[in-house]
Amino acid sequence: MSQAEMSQAELSQAGAAPRSPRPLWSLGLLRSEITMTFRRWRTLALLAVLAGVPVLVGVAVRIETGRGRSGGGGGEGGPAFISQVTNNGVFLVFTSLAVTLPFFLPMAIGVIAGDSIAGEAHGGTLRYLLVAPAGRTRLLLVKYATTLTFCLVGTLTVALSALATGALLFPLGEVTLLSGTSIPLAEGLLRALAIAGAVALSLVGVAAIGLFLSTLTTSGIAAMATTVGLLITVQILDTLPQLEAVQPYLFPHYWLSFADLLRDPVYWDQLAKNFGLQAVYAAVFGTAAWARFTTRDITA
């Protein structure tokens, strides 16, 4: 056998050799997906809206203060710490998170999650993504991790914008907790960071629901609209007294429990229920998304 024939035979054997299974995780693929997501104008617009909410709240409180009012107070239905904003700008962080959590933040998450798979299918790129180096399970994990990254970035955007606005419009100083204890500003900022993390964790259930809905359709707009519509519906159900028995099982029920991080000692009961509930939603809808996506006939 000639050398050329031997080389050809070796190449054939190498090509026939079984390939090692691809890992379920790839930092390169995740980095590429995160970069692509945060370069989109839609993502930047969502972050701009989130950053603008604390500015509007701060300016509104400042105007009310200039008119001789206390800044809104902790009236019924409002955050218990909004009356503290005029005395300490750090409280604008807590107020802004309380304002954005019921709708603005989940809506933004719904847009990102709903478009994650359906948007690729609509654009005709999903089939190419599923060819090596990406498999279905790995692609789904990367899409969910990217959505969770947006949860954290969106929450931090609100918090940092609120902190900057609060520092410009109001004095900064010791933080008086809801329990009446005063802590230094540095510890107050750490509490604000912990609250931002708690808010981000509160959104993992919405992210899983949006991802699941995204696997059901090839229209990104339909998936986004369904996710946001479901969010609004569940929020309404959570306010009806007749449904008090089922409300503790609705994913937004414990969202505002992050306020318990402003107590001394911290009340962990509601926070633990919130994190546990989000984990259940993430597991259930994440599994449903995997079952649907791995058996789906990809035509686009």
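Residues numbered from 1 in each chain as written. Predicted model: local features only at pLDDT ≥ 70, side-chain atom pairs only at ≥ 80, totals over all residues. Heavy atoms only, no water.

## Focus: the overall build of the chain
We count it as follows: Think of it this way: any DSSP run of H or I at least four residues long counts as a helix, any run of E at least two long counts as a strand, and we number them from the N terminus. Categorising residues by exposure relies on relative accessible area from a 1.4 Å probe, with only protein chains included: less than 20% of the type maximum marks a residue as buried, more than 50% marks it as exposed, and the intermediate range marks it as partly exposed. Here the accessible surface of atoms and residues is derived via Shrake-Rupley with a 1.4 Å probe, and residues count as covered only by protein chains that are part of the display.
Helices and strands together make up the secondary structure of the chain, namely eleven helices and two strands. For the chain, the proportion of its 300 residues judged to be buried stands at 43%. Only carbon and sulfur atoms are counted for the fraction: they give 65% of the accessible area of the chain, which is about 14,900 Å².

## Quick look at unusual backbone geometry
Pro265 follows Asp264 through a cis peptide bond whose omega is 5°. Checked against the element boundaries, Pro265 lands in the loop between helix H10 (220–237) and helix H11 (269–295).

## Thoughts on helix H9 (residues 204–214)
Taking burial as the measure, the eleven residues of H9 include eleven buried ones, the bulk of the element. Those residues of H9 that sit buried are Val204, Gly205, Val206, Ala207, Ala208, Ile209, Gly210, Leu211, Phe212, Leu213 and Ser214.

## Quick notes on a nonpolar patch on the surface
Here is the rule: Grouping into patches uses exposed residues only, defined as over 30% relative accessible area, and leaves out salt-bridged ones; the cut-off is 9 Å for like charges and 5 Å for nonpolar side chains (Val, Leu, Ile, Met, Phe, Trp, Tyr). Salt bridges are defined by distance alone: a side-chain nitrogen of Lys or Arg within 4 Å of a carboxyl oxygen of Asp or Glu.
A cluster of nonpolar side chains, contributed by Phe103, Ile232, Ile236, Leu237 and Leu240, occupies part of the molecular surface with about 370 Å² of accessible area. With respect to the element layout, Phe103 can be found in the loop between helix H4 (91–100) and helix H5 (104–123).

## Structural notes on the packing of helix H7 (residues 136–169) against H11
How we decide: To obtain each axis, a line is fitted to C-alpha atoms, and for helices this fit is confined to the stretch in contact; angles are then taken between N-to-C directions over 0 to 180 degrees. What sets the label is the angle itself: under 35 degrees gives roughly parallel, over 145 gives roughly antiparallel, 65 to 115 gives roughly perpendicular, and the rest give oblique. For any helix crossing, the convention is left-handed if the near helix is rotated counterclockwise from the far helix by under a right angle, and right-handed if that rotation is clockwise. Every residue pair with non-hydrogen atoms within 4.5 Å of one another is taken to be in contact. Ten residue types, Ala, Val, Leu, Ile, Met, Phe, Trp, Tyr, Cys and Pro, are classed as nonpolar, four, Asp, Glu, Lys and Arg, as charged, and the remainder, Gly among them, as polar.
Interhelical geometry of H7 versus H11 gives an angle of 140° and a closest axis separation of 10 Å. Put simply, H7 runs oblique to H11. Along this stretch, H7 crosses H11, giving a crossing that reads as right-handed. Only Ala282, Ala289, Trp290, Phe293, Thr294 and Thr295 of H11 make contact with H7, whose side of the interface consists of Arg136, Thr137, Leu139, Leu140 and Tyr144. For the contact of H7 with H11, a count of residues per class yields seven nonpolar, three polar and one charged.

## Quick word on the side chain of Lys143
For Lys143, the position within the fold is in helix H7. What makes Lys143 buried here is its relative accessible area of 2%. Here Lys143 is in contact with Glu33, Ser116, Ile117, Glu120 and Leu211, once residues within four sequence places are set aside.

## Digging into the nonpolar core
Put simply, the test is: Throughout this description, the term nonpolar core refers to a set of buried Ala, Val, Leu, Ile, Met, Phe, Trp, Tyr and Cys residues connected via side-chain atoms within 4.5 Å.
Counting residues in hydrophobic clusters, the biggest one holds 65 residues, and the most contacted among them are Phe94, Phe150, Ile195, Phe251 and Phe258. If we ignore the near neighbours within four places in the chain, the residues touching Phe251 are Val206, Ile209, Leu231, Val234, Leu277, Gln278 and Tyr281.

## Details of the pattern of salt bridges
When their charged atoms lie close together, side chains carrying opposite charge are able to pair. Overall, the coordinates contain five salt bridges when judged by the stated rule. The partner of Lys273 in a salt bridge is Asp269, and the shortest N-O contact between them spans 3.7 Å. In this pair, Lys273 and Asp269 both sit in helix H11, four residues apart, roughly one turn of the helix. On the accessibility criterion, Asp269 (47% relative accessible area) is partly exposed.

## As for the environment of Leu211
Structurally, Leu211 is set in helix H9. What makes Leu211 buried here is its relative accessible area of 3%. Separated by 13 residues in sequence, Leu211 and Met224 place their C-alpha atoms 9.7 Å apart. In this structure, Leu211 is in contact with Ala113, Ser116, Ile117, Leu140, Lys143, Tyr144 and Ala289, ignoring residues within four places of it in sequence.

## Things to note about the confidence of the model for the chain
Test applied: For every residue, the predictor states its confidence as a pLDDT score lying anywhere from 0 to 100.
Considering every residue of the chain, the mean pLDDT works out to 83; 80% of them sit at 70 or more. Below a pLDDT of 50 lies the segment residues 71–78, which in the model reaches 13 contacts outside its immediate sequence neighbourhood of four places, other chains included.

## Regarding H4
Burial analysis of H4 places nine of its ten residues in the buried class, the great majority of the element. Along H4, the positions that sit buried rather than exposed are Phe91, Leu92, Val93, Phe94, Thr95, Ser96, Leu97, Ala98 and Thr100.

## Here's the deal with the environment of Leu30
Mapped onto the elements, Leu30 comes out in helix H2 (residues 27–39). Each C-alpha atom of the pair Leu30 and Lys143 lies 8.0 Å from the other, and the pair is 113 residues apart in sequence.

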